[in-house]
Amino acid sequence: MRRYRIVLAVDDSLVDRKLIEKLLTNFSCKVTTAENGQRALEILGLGDGQHNSKKNDLKVNLIITDYCMPGMTGYELLKKIKESPTMKEIPVVIVSSENIPTRINKCLEEGAQEFMLKPLKQSDVKKLSCHIMKVNKSCKGRPFMGR
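Cut-offs applied
- Residues numbered from 1 in each chain as written.
- Predicted model: local features only at pLDDT ≥ 70, side-chain atom pairs only at ≥ 80, totals over all residues.
- Heavy atoms only, no water.
- Helix = DSSP H or I, 4+ residues; strand = E, 2+ residues; numbered from the N terminus.
- Buried < 20%, exposed > 50% of the residue type's maximum accessible area, 1.4 Å probe, protein only.
- Contact = heavy atoms within 4.5 Å.
- Areas by Shrake-Rupley, 256 points an atom, 1.4 Å probe, with all protein chains shown as cover.
- UniProt positions renumbered as here; feature names shortened; annotations may be inferred.
- 1 Å grid on protein atoms, 1.4 Å probe; cavity = no way out; pocket = protein on both sides within 12 Å on 5 of 7 lines; lining within 4 Å.
- Points joined across faces, edges and corners; volume = space filled by probe spheres on them.
- Nonpolar A, V, L, I, M, F, W, Y, C, P; charged D, E, K, R; others polar.
- Polar contact = N/O pair within 3.5 Å; in protein donor to acceptor, adjacent residues only side chain to side chain.
- Axes fitted to C-alpha atoms, helices over the stretch in contact; angles between N-to-C directions.
- Parallel < 35°, antiparallel > 145°, perpendicular 65-115°, else oblique.
- Salt bridge = Lys/Arg side-chain N within 4 Å of Asp/Glu carboxyl O.
- pLDDT = per-residue confidence, 0-100.

Colleague: Just to check I follow, could you spell out the overall build of the protein for this structure?
Modeller: The helix and strand inventory of the protein stands at 6 helices and 5 strands. Along the chain direction, N to C, the helices and strands of the protein fall in the order β-α-β-α-β-α-β-α-β-α-α. Here the protein holds 147 residues, and 46% of them are scored as buried. Considering only contacts in the protein between residues 6 or more positions apart, those separated by 24 or more positions represent 62%. Carbon and sulfur atoms provide 51% of the accessible area of the protein, an area that totals close to 8,200 Å².

Structure representation (structure tokens):
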């Protein structure tokens, strides 16, 4: 029986969520989607009033989040994930349609594994394979920033 890796895709754009889902499904991943940062935190068991006291059934191997979303940016979501003792080891990839070096550096300094430009392509997903296959920081090389 084939074991799927679970990826949480967070984006306010339905089209972008569907694109990420299709690309990752082609890579044998099961994709759970959230339309905003707050919903992503709820899925992860980190929402308001949730303290991850009960074990979350969803074992997420990778989080891909848009940077620019209403309510909570991808950067703010990244910070909350990295502050959580139970979630901080999950690799987080930030995606954006804007190539702004200060934004990229800020996300990488806060703990993002990668910063990629939209729209994602199949070749981008291949570059994420080491993060998808294992939850640790052993991926070799420098962070991938754009194309």
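Moving on from the coordinates now.
Colleague: Please clarify how the UniProt feature "modified residue: 4-aspartylphosphate" (unreviewed entry) in the protein should be interpreted in this entry.
Modeller: UniProt feature "modified residue: 4-aspartylphosphate" (unreviewed entry): in the numbering of this structure it lies at D66. With respect to the secondary-structure elements, D66 resides in strand 3 (residues 62-66). Filtering out sequence-adjacent residues up to four positions away, D66 remains in contact with V10, D11, D12, G74, V95, S96 and K118.

Colleague: What am I meant to see in empty space enclosed by the protein here?
Modeller: Where empty space is left in the structure can be found by rolling a water-sized probe over the atoms. If you walk through the whole model with that rule in mind, you get 1 cavity of 30 Å³ or more. Taken as a whole, the largest cavity holds about 30 Å³ of empty space. Together, D16, L19, I20, V95, K118, P119 and L120 line the largest cavity. No other element matches the 3 residues that helix 1 (residues 14-25) contributes to the lining of the largest cavity. Looking at the lining of the largest cavity, its residues break down into 5 nonpolar, no polar and 2 charged.

Colleague: Please clarify how the environment of L120 should be interpreted in this entry.
Modeller: In this structure, L120 sits in the loop between strand 5 (114-117) and helix 5 (122-127). We classify L120 as buried; its relative accessible area is 9%. For the pair formed by L120 and S96, sequence separation is 24 residues and the distance between their alpha carbons is 9.5 Å.

Colleague: Help me understand unusual backbone geometry in this model?
Modeller: Negative phi is the rule for most residues except glycine; trans is the rule for most peptide bonds. Across the junction of K118 and P119, the peptide omega takes the value -5°, indicating a cis bond. Within the secondary structure layout, P119 lies in the loop between strand 5 and helix 5.

Colleague: I tried to follow the side chain of D66 on my own but got confused; where do I start?
Modeller: According to the relative accessible area criterion, D66 is buried, its value standing at 4%. Reaching out from D66, the side chain makes a polar contact with the side chain of K118 at a distance of 3.2 Å.

Colleague: Would you mind showing me how to read the packing of helix 3 (residues 74-83) against helix 4 (residues 101-110) here?
Modeller: Relative orientation and spacing of two packed helices are given, respectively, by the angle between their axes and the distance between those axes. At their nearest, the axes of helix 3 and helix 4 sit 10 Å apart, and the two run at 10° to each other. Taken together, the axes of helix 3 and helix 4 lie roughly parallel to each other. In contact with Y75, L78, K79 and K82 of helix 3, helix 4 contributes K106, C107 and E110.

Colleague: I tried to follow the pattern of salt bridges on my own but got confused; where do I start?
Modeller: When the charged atoms of two side chains lie near each other, side chains of opposite charge can form a pair. Under the criterion given, the structure shown has 6 salt bridges. One salt bridge in this structure joins E42 and R39, with 3.3 Å as the shortest N-O distance. With E42 and R39 both in helix 2 (residues 37-44), this residue pair falls 3 residues apart, about one helical turn. Relative accessible area serves as the criterion here: at 37%, E42 is assigned to the partly exposed category.

Colleague: Teacher, can you tell me more about the confidence of the model for the protein here?
Modeller: Detailed reading of predicted coordinates is not advised where the pLDDT is low. Mean pLDDT over the protein works out to 85, with 82% of the residues at or above the 70 mark. Looking across the protein, the model is least confident in helix 6 (residues 129-133), with a mean pLDDT of 74, and most confident in helix 3, with 98. The model gives residues 140-147 a pLDDT under 50, and that stretch makes 20 contacts with residues more than four places away or in other chains.

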